[in-house]
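# Residue-level structure breakdown
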Amino acid sequence: MRSITFSSCGDSSVLQIVESKTAEPTADQALVKVALAGVNFIDVYHRRGQYPLSLPSGIGLEGIGEIVSLGKASGDFKVGDRVFWTSALGSYAQFVNVSIDQLTLIDSKITQSDEQLLPLLLQGMTAHYLVNSSYAVTDNDLALVTAAAGGVGQILVQ
């Protein structure tokens, strides 16, 4: 399988595409074929070393894909399930092993494409948190979004 890794911190030039054997899932993991990986600013922090990781490391935390193999503790998941995750380091890859407790099943009634759903994961949850938990915005409030160009900002202004 191919994945994106880095062995030293720095700008985007430290990222490398590597070929490696696809690891089997442990008892509490699912092997997921990645359809889309989320690209978030935390990935830049990891790459720069601002949020240190043990190197060499994979990169990327979130994605959407299909389960292709399960460990023994599969829970309610089965091979073929369409799932998403927000916390599996190494998600910039063709396959990633994700802890079962980090996976969320995408209900078959949800017909939106992966491209439509992916921005709603970390970026959507962040926007939701900002206007509900951080401060409960009401119809009577005036809010200034200073960066409507990024993913969170685009969701907030909607």
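First, a word on what this report is: a plain description of the structure on this page. (Residues numbered from 1 in each chain as written. Predicted model: local features only at pLDDT ≥ 70, side-chain atom pairs only at ≥ 80, totals over all residues. Heavy atoms only, no water.)

## Re the nonpolar core
Within the largest apolar cluster, 12 residues are counted, these being A30, V32, V34, I67, F77, V83, W85, A88, V96, V98, I100 and L103. Of all elements in the fold, only β3 (29-37), β6 (82-85) and β7 (95-99) reach the threshold of two or more residues within this core. Counting residues per element, this core draws most heavily on β3, at 3 residues. If we ignore the near neighbours within four places in the chain, the residues touching V96 are A30, L31, V32, V34, W85, A88, L89, G90 and S91. Formed by 5 residues, the second largest nonpolar core is a distinct cluster that contains I64, I106, L118 and L121. (Core = buried A, V, L, I, M, F, W, Y, C linked by side-chain atoms within 4.5 Å. Buried < 20%, exposed > 50% of the residue type's maximum accessible area, 1.4 Å probe, protein only. Helix = DSSP H or I, 4+ residues; strand = E, 2+ residues; numbered from the N terminus. Contact = heavy atoms within 4.5 Å.)

## What to know about the sheet that holds strand β4 (residues 57-58)
Spatial ordering of the open sheet is given by β2-β1-β4, a layout of 3 strands whose pairing is antiparallel. Both outer strands of the open sheet, β2 (15-19) and β4, are each paired with one neighbouring strand and no more. Strand direction decides the pairing type here: strand β1 (residues 2-6) and β4, joined by 2 bridges, are antiparallel. By the bridge assignment, F6 is partnered in β4 with S57. (Pairing = 2+ DSSP bridges.)

## Regarding the pairing of β1
With 5 bridges connecting them, β1 and β2 associate as antiparallel partners. Of the residues in β2, the one forming a bridge with S3 is V18.

## Points about the pattern of salt bridges
Applying the stated rule across the entire model yields 3 salt bridges. The closest approach of N and O atoms between D114 and R82, which form a salt bridge, is 2.8 Å. One end of the pair, D114, is in helix α2 (residues 114-117); the other, R82, is in strand β6, with 32 residues separating them in the sequence. Judged by relative accessible area, which is 17%, D114 ranks as buried. Take R82: its relative accessible area is 24%, and that puts it in the partly exposed class. (Salt bridge = Lys/Arg side-chain N within 4 Å of Asp/Glu carboxyl O.)

## A look at the side chain of D43
Considering the arrangement of structural elements, one finds D43 in helix α1 (residues 41-48). R47 is the oppositely charged side chain nearest to the buried, salt-bridge-free D43, at an N-O distance of 8.8 Å. Separated by 2.6 Å, the side chains of D43 and Y92 make a polar contact. Residues within four places of D43 in sequence aside, it is in contact with G38, I59, G60, L61 and Y92. (Lys, Arg positive; Asp, Glu negative; His and termini not counted. Polar contact = N/O pair within 3.5 Å; in protein donor to acceptor, adjacent residues only side chain to side chain.)

## Description of the packing of aromatic side chains
With the rule as written, the count across this model stands at 2 aromatic pairs. Look at F41 and Y45: their rings are 5.1 Å apart centre to centre, the planes differ by 85°, and that puts the pair in the edge-to-face class. In this pair, F41 and Y45 both sit in helix α1, 4 residues apart, roughly one turn of the helix. An angle of 50° between the planes, with centres 4.9 Å apart, marks the rings of Y45 and Y51 as tilted. Since its relative accessible area comes to 26%, Y45 is described here as partly exposed. The partly exposed category is assigned to Y51, whose relative accessible area is 40%. Each member of the aromatic cluster is reached from another via a ring pair, and the members are F41, Y45 and Y51. (Phe/Tyr/Trp six-rings, centres within 6.5 Å; stacked < 30°, edge-to-face > 60°.)

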